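Each chain, written out:
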Amino acid sequence: MVYHSTFVDDEGITKACGCPLLPLKSHIRGPAPVSDQATTDIIDEAITFFRANVFFKNFDIQSPADKLLIYLTFYINVALKRLEGCRTLAEGTKAVINLGLEDVPVPGESGFPFPGLFPLPGSMQEAELLRNYLKQIREETSGRLLSVAYRPNGTPNKWWLAFAKRKFINTIAL
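This section reports on the structure supplied with the text. (Residues numbered from 1 in each chain as written. Predicted model: local features only at pLDDT ≥ 70, side-chain atom pairs only at ≥ 80, totals over all residues. Heavy atoms only, no water.)

Once that is clear, we can look at the nonpolar core. Judged by nonpolar contacts, the single largest core of 52 residues is most densely connected at I42, L68, L80, L83, Y133, L134 and I137. Sorting the residues of this core by element identifies helix 1 (42–53), helix 2 (64–83), helix 3 (89–101), helix 4 (124–149) and helix 5 (158–161) as the ones contributing at least two each. Looking at this core element by element, the count peaks at 13 residues for helix 2. Residues within four places of L134 in sequence aside, it is in contact with L68, Y71, V104, P105 and F112. (Core = buried A, V, L, I, M, F, W, Y, C linked by side-chain atoms within 4.5 Å. Buried < 20%, exposed > 50% of the residue type's maximum accessible area, 1.4 Å probe, protein only. Helix = DSSP H or I, 4+ residues; strand = E, 2+ residues; numbered from the N terminus. Contact = heavy atoms within 4.5 Å.)

This brings us to the packing of helix 2 against helix 3. The contact between helix 2 and helix 3 brings their axes to 9 Å, and the two run at 135°. Classed by the angle they form, the pair helix 2 and helix 3 counts as oblique. Read as a crossing pair, helix 2 and helix 3 show a hand that is right-handed. Contacts from Y75, V78, A79, R82 and L83 of helix 2 reach helix 3 at G92, A95, V96 and L99. (Axes fitted to C-alpha atoms, helices over the stretch in contact; angles between N-to-C directions. Parallel < 35°, antiparallel > 145°, perpendicular 65-115°, else oblique. Left-handed = near helix turned anticlockwise from the far one by under 90°.)

Attention shifts here to the side chain of S142. The topology assignment puts S142 in helix 4. Judged by relative accessible area, S142 falls into the buried class, the value being 4%. Leave out the neighbours within four places in its chain, and S142 touches Y75 and V96.

Across the chain, the bulk of peptide bonds are trans and the bulk of non-glycine residues have phi less than zero. A positive phi angle is found at C17, which is not glycine, with a value near 60°. Within the secondary structure layout, C17 lies in the loop between strand 1 (15–16) and strand 2 (19–20). Overall, C17 belongs to the buried group, its relative accessible area being 1%.

In this section: the environment of L129. Position of L129 among the secondary structure elements: in helix 4. Between the C-alpha atoms of L129 and A38, which are 91 residues apart in sequence, the distance is 26 Å. When residues no more than four places from it in sequence are discounted, the contact partners of L129 are A16, L21 and P31.

By the element assignment, L80 lies in helix 2. Overall, L80 belongs to the buried group, its relative accessible area being 0%. When the C-alpha atoms of L80 and G92 are compared, they prove to be 9.4 Å apart, with 12 residues separating the residues in sequence. Excluding its chain neighbours within four sequence positions, the residues that come into contact with L80 are F50, L145, A149, W160, L161, F163 and A164.

This part covers the pattern of salt bridges. Counted according to the given criterion, the structure contains nine salt bridges. With a closest N to O distance of 2.9 Å, R82 and E102 form a salt bridge. Placement of R82 in helix 2 and of E102 in the loop between helix 3 and helix 4 is noted, with a sequence separation of 20 residues between them. For R82, a relative accessible area of 30% corresponds to the partly exposed category. Overall, E102 belongs to the partly exposed group, its relative accessible area being 32%. E84 is the partner of K165 in a salt bridge, and the nearest nitrogen-oxygen pair spans 3.2 Å. With a gap of 81 residues between them, K165 in the segment after helix 5 and E84 in the loop between helix 2 and helix 3 connect regions that are remote in the sequence. Among the charged side chains, a network of salt bridges with common partners joins K25, D41, D44, E140 and R144. (Salt bridge = Lys/Arg side-chain N within 4 Å of Asp/Glu carboxyl O.)

These results come straight from atomic positions and should not be treated as a statement about function.
This is the structure we're talking about:
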């Protein structure tokens, strides 16, 4: 059974293109509300559930937060593919920073991995809000992923990098 997000109550949560802009424990500036450092956020859930959810070919969406969980699971898969050839933490950090500098497509643009997952933006402001949120969430996810993909001594954690070979929902990560 697929692990779903615990953020099912989306009252009072701003949305852009149907994507909830959930609070993050982040030091990176962006449109996401700041979450308490002691609580679990969507990035913690995505990293925790990644190794189980990546095995599933279908994902039953039960809440809008599940859509974000799907997007983050795919992004973690892409990031692990980039980290696959990196033998040190420094090389991995460089690869993830380069991934973070890439353009972030939004629904309706070429390169968005799941065209039917989120509705098309109603305006340019909504598209930019979602783009900035996804950029912020990708950068924060990348930073936290490095702490689990590499051991404290800077060597790769094979128990994480082995999952770079998996396809999530039969989608090939580039």
